[in-house]
Structure formats: structure tokens, C-alpha cells
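Structural overview for review
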Amino acid sequence: MKKSDAPEALLAAASMTKPMTRDDVTEMIVMARIKKGLTWAKVAKVVGQSKEWTTAALLGQMQMTKQQAEAAGKLLGLPADAVLLLQQVPYKGSMPTAVPTDPLIYRFYELVSVYGTTFKALIHEEFGDGIMSAIDFKMDLTREPDPKGDRVSIVMSGKFLPYKTY
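Anyway, here's the lowdown on the structure attached to this text. For every chain, the first residue of the written sequence is number 1, and numbering continues from 1 onward in sequence order. In keeping with the model being predicted, local features are shown solely for residues with a pLDDT of at least 70 and side-chain atom pairs are shown and tallied solely at 80 or more, while totals for entire chains, interfaces and linings include all residues. Side-chain metrics in this entry use all non-hydrogen atoms of the structure; hydrogen atoms and water are not considered.

Glancing now at the pairing of strand β1 (residues 130–144). Side-chain positions along a regular strand alternate between the two faces of the sheet. Here a strand pair is declared whenever DSSP counts at least two bridges between the two strands. Starting at the N terminus, helices and strands are each numbered in turn, a helix being any DSSP run of H or I of at least four residues and a strand any DSSP run of E of at least two. Pairing of β1 with strand β2 (residues 151–162), which is carried by 11 bridges, proceeds in the antiparallel orientation. Note on β2: the bridge partner recorded for Ile131 is Leu161. Between β1 and β2, which follow one another and run antiparallel, lie six residues, and Gly149 among them has a positive phi close to 130°.

Quick look at the structure:
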């Protein structure tokens, strides 16, 4: 190889490297959080959002602002490309299969399978024909002590969006 060919060879080699994906960023975040012994709540405090929203964002389901992404990146020691990817609109939907196989996630699937028609009937009765937004949405997950075994309390609140006629 001639000396003048060296830059082209380096550029060609660099173009062969695989760019970082959002899944790569999620894996980095999970590992960094574990290695640093951080809770999602601690990370959320640094980011400045709820633990529920921050966890969703860092697991690839929400778009962070530059300030939020930089705060998370600094805390977790993420590279610049990862911080940039946190600021992009994500491809939403985190299920690797149509029917979830993870037991905890499957229970939510089961909950909707069993109570979905009940949710629908009661929402329509109370609000009319429409949906509960997953965009204008908030969630609060807390632990409820109980002598028979602690309980998981999840409060979900989504804006009602009526169907329109036109």
C-alpha cells in the first residue's frame, strides 16, 4: 500500500464498523446502572423526571431532551453517540414477541386479556366512545406493605380522547 492510500484505507475500515443502535444504548445503560449500584429512582432524580418515565426513556421507549440525555449520560458514563441516540424519537414497543414470555410482563398481558373488555366497557360508560391516551399519560408505581405479602400498586392516568365525527 502506498503512503497516499493510507487515509482511504482508514476511511474504508471505519465505514465497515457497525454504528451504535438504540438497543446497544439500552444494554449499556442497564450494565452501567448495575455496575454503579444505582436505582432507577436515583437516575430519575438526576434526569429530573419521574422514575417511571425515566426508566421507560432509558429502556428505549421515550425521547429525552438534550439536557436530560446529557445528565443521564454523565451519571452513567455513556459515550457521546449514546447520548445523541437518547434524544431521537424511538421505535416504540418493547416486546420481543407478540405474546410476552417473561412471567412478570405476561401477567400484564394476562390482565388485559382478562380485564380488557371490562376496562373498555367501563371507560365507554363513564366517558363515551374514545380511548385512554398512552401519550398524555402518567403512571405511579409504589409498594404497599401488607401483612399477607407486600402488594404492587400501579396507578395509571391517561387523558380521555373521544372519537370525532367528520
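Our focus in this paragraph is helix α2 (residues 22–36). Take the number of residues in a helix, subtract one, and multiply by 1.5 Å to get its expected span. Here α2 spans 21 Å end to end across 15 residues, near enough to the 21 Å set by a 1.5 Å rise per residue. Per-residue accessibility, obtained with a 1.4 Å probe over protein chains only, is compared with the maximum for each type, and a residue is labelled buried under 20%, exposed over 50%, and partly exposed between these values. Inspection of α2 places Arg22, Val25, Thr26, Ile29, Ala32 and Arg33 among the buried residues, and these make up the whole buried set. What you see down the axis of α2 is that its buried residues fit within an arc of 135°, all on one side. Along α2, exposed side chains directed more than 90 degrees from the buried face belong to Asp23, Glu27, Ile34 and Lys35. Of the surrounding elements, those touching the buried residues of α2 are α3 (40–47), α4 (51–58), α5 (66–76) and α6 (80–86). The positive-phi residue at the C-terminal boundary of α2 is Gly37, with phi of around 65°. Picture the helix axis, draw a direction to every C-beta atom, and the arc is the one those directions span. Only heavy atoms enter the contact rule, under which two residues are in contact if any of them lie within 4.5 Å.

Take Met31: it is sitting in helix α2. Residues Met31 and Leu76, spaced 45 residues apart in sequence, show a C-alpha to C-alpha distance of 9.2 Å.

How two helices sit against one another is set out by the angle between their axes and by the gap between those axes. Each axis is a line fitted through C-alpha atoms, taken for helices only over the stretch in contact, and angles between the N-to-C directions span 0 to 180 degrees. Running from amino to carboxyl end, α3 crosses α4 at an angle of 95°, the nearest separation of the two axes being 8 Å. When the axes of α3 and α4 are compared, the pair comes out roughly perpendicular. The segment α3 lies against α4, with Trp40, Ala41, Val43, Ala44 and Val47 engaging Lys51, Thr54, Thr55 and Leu58. Following the grouping adopted for this structure description, the nonpolar residues are Ala, Val, Leu, Ile, Met, Phe, Trp, Tyr, Cys and Pro, the charged ones are Asp, Glu, Lys and Arg, and the polar ones are all others, Gly among them. Each residue belonging to the contact of α3 with α4 can be placed in one class, and the counts come to six nonpolar, two polar and one charged. Working definition: roughly parallel below 35 degrees, roughly antiparallel above 145 degrees, roughly perpendicular at 65 to 115 degrees, and oblique for all remaining angles.

Glancing now at the nonpolar core. Most often, soluble globular proteins keep nonpolar side chains buried together rather than apart. We call a set of buried residues a nonpolar core when its members are Ala, Val, Leu, Ile, Met, Phe, Trp, Tyr or Cys and they connect through side-chain atoms within 4.5 Å of each other. Ile29, Leu58, Met64, Leu76, Leu78 and Leu86 are the most contacted members of the largest nonpolar core, which has 17 residues in total. The set of elements that each furnish at least two residues to this core consists of α2, α3, α4, α5 and α6.

Our next topic: the packing of aromatic side chains. Aromatic ring pairs: the centre-centre distance and the angle between the two ring planes describe each pair. In summary, the pairing rule links any two rings of Phe, Tyr or Trp, Trp by its six-membered ring, whose centres are within 6.5 Å, and it sorts them by plane angle into stacked for under 30 degrees, edge-to-face for over 60 and tilted for everything else. Enumeration over the complete set of coordinates arrives at two aromatic pairs. For the ring pair Tyr106 and Tyr109, a centre distance of 5.6 Å and an interplane angle of 40° mean the geometry is tilted. Taken together, the residues Tyr106 and Tyr109, both in helix α7 (residues 103–127) and three residues apart, mark about one turn of the helix. Here Tyr106 falls in the partly exposed class, since its relative accessible area comes to 29%.

So, on to the environment of Pro90. Within the secondary structure layout, Pro90 lies in the loop between α6 and α7. Exposure remark for Pro90: the relative accessible area of 15% places this residue in the buried category. Pro90 sits 61 residues away from Arg151 along the chain, and the two C-alpha atoms are 32 Å apart. In contact with Pro90, other than residues within four places in its own chain, are Gly60, Gln61, Met62 and Gln63.

The working definition used for a salt bridge is a side-chain nitrogen of Lys or Arg within 4 Å of a carboxyl oxygen of Asp or Glu. This model, assessed by the stated rule, comprises five salt bridges. Across the pair Glu110 and Arg107 runs a salt bridge, and its minimum N-O distance is 3.7 Å. With Glu110 and Arg107 both in helix α7, this residue pair falls three residues apart, about one helical turn. A residue is classified by how much of its surface remains accessible, and Arg107, at 48% relative accessible area, is partly exposed. Arg143 is the salt-bridge partner of Asp150, the closest N and O atoms lying 2.7 Å from each other. Judged by its relative accessible area of 43%, Asp150 falls in the partly exposed class. Take Arg143: its relative accessible area is 66%, and that puts it in the exposed class.

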